Amino acid sequence: MNKIQTGSQLLPVYFKKIAFGIIITTVLFEALSYSKILMIDKELLNTISRSGILISLLLLALTRSKIEDELTLNIRIRAFAGSFAFGVGILIVEPFVNLIFDGSFSSDIGSTQLIMTMLCFYFLMFFKMKKNR
Amino acid sequence: MKNVIKIQRAIKDLTQEALAKKIGVSRQTINSIEKNRYVPSTILALKLSEVFDKNVNELFELEEND
């Protein structure tokens, strides 16, 4: 029988290769720009690297595993829920941390940072739960 | 929820890997079901009942706190 849960809306496994390809390209692009081989506007470079890393992390999060059964899907959902809660937690706690260290409530965290942290937390939870299943 | 998958598997002389292959899941999923860490979906329960030739409620039993 097929180990891929029918009805799962995840991307095929080969998208992992695409995601890693995007990460490598982004890093290469960044390296070429820092070594002055490629002259590019800093603002544009930041936008490209930010988008590249976010797209690749999102692709990795939405790509199915080689063996994707209902337990894996269950773990995936719990990891997504956990990372969402973690993101909300960061937004709530961060101003108070700033108050302690900077003396003001002003928030430093940007949307990109928040999404990246959430995605990284998702991967951490997903692999930890998958290992302990 | 309690289950007798491990016993039924022993009766049929199946390894976790072989059972997993028969119903299309990973070996870890069978292990989690046997250790009561994961309650399978209706589809998976029906597949297990087909493999062991038993009714679903012969394989799975509700506990007091369920």
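Just so it is clear, the structure is predicted and the values come from calculations on it, not from any experiment. (Residues numbered from 1 in each chain as written. Chains lettered and ligands numbered in written order. Predicted model: local features only at pLDDT ≥ 70, side-chain atom pairs only at ≥ 80, totals over all residues.)

A closer look at helix α4 (residues 42-52) of chain B
Argument step 1. Restricting attention to buried positions, one finds in α4 of chain B the residues Leu44, Leu48 and Phe52 of chain B. Within α4 of chain B, the buried residues cover an arc of 65° as seen down the axis, which keeps them to one side. Projecting away from the buried face of α4 of chain B at angles above 90 degrees are the exposed residues Thr42 and Glu50 of chain B.
Argument step 2. Of the surrounding secondary structure, the elements contacted by the buried residues of α4 of chain B are α3 (70-102) of chain A together with α1 (5-11), α2 (16-23) and α5 (56-59) of chain B.
Argument step 3. Note on α4 of chain B: the residue one or two positions beyond its end, Asp53 of chain B, has a positive phi of about 55°. (Buried ≥ 20, exposed ≤ 12 C-beta atoms within 10 Å, placed from the backbone. Helix = DSSP H or I, 4+ residues; strand = E, 2+ residues; numbered from the N terminus. Arc of directions from axis to C-beta. Contact = placed C-beta atoms within 7 Å.)

Structural notes on the domain arrangement of chain A
Residue and element names in this part refer to chain A.
Argument step 1. Assigned domains of chain A: these are domain 1 (10-64) and domain 2 (68-133).
Argument step 2. Averaged C-alpha coordinates put domain 1 and domain 2 at centres separated by 21 Å.
Argument step 3. Between domain 1 and domain 2, the residue contacts involve eight residues of the former and six residues of the latter. (Domains from an automatic or database assignment.)

Some words on the environment of Thr29 of chain B
Argument step 1. In this structure, Thr29 of chain B sits in helix α3 (residues 27-34).
Argument step 2. For Thr29 of chain B, a count of 26 C-beta atoms within 10 Å puts it in the buried group.
Argument step 3. Setting aside residues up to four positions removed in sequence, Thr29 of chain B forms contacts with Asp69 and Leu71 of chain A together with Ala20 and Tyr38 of chain B.

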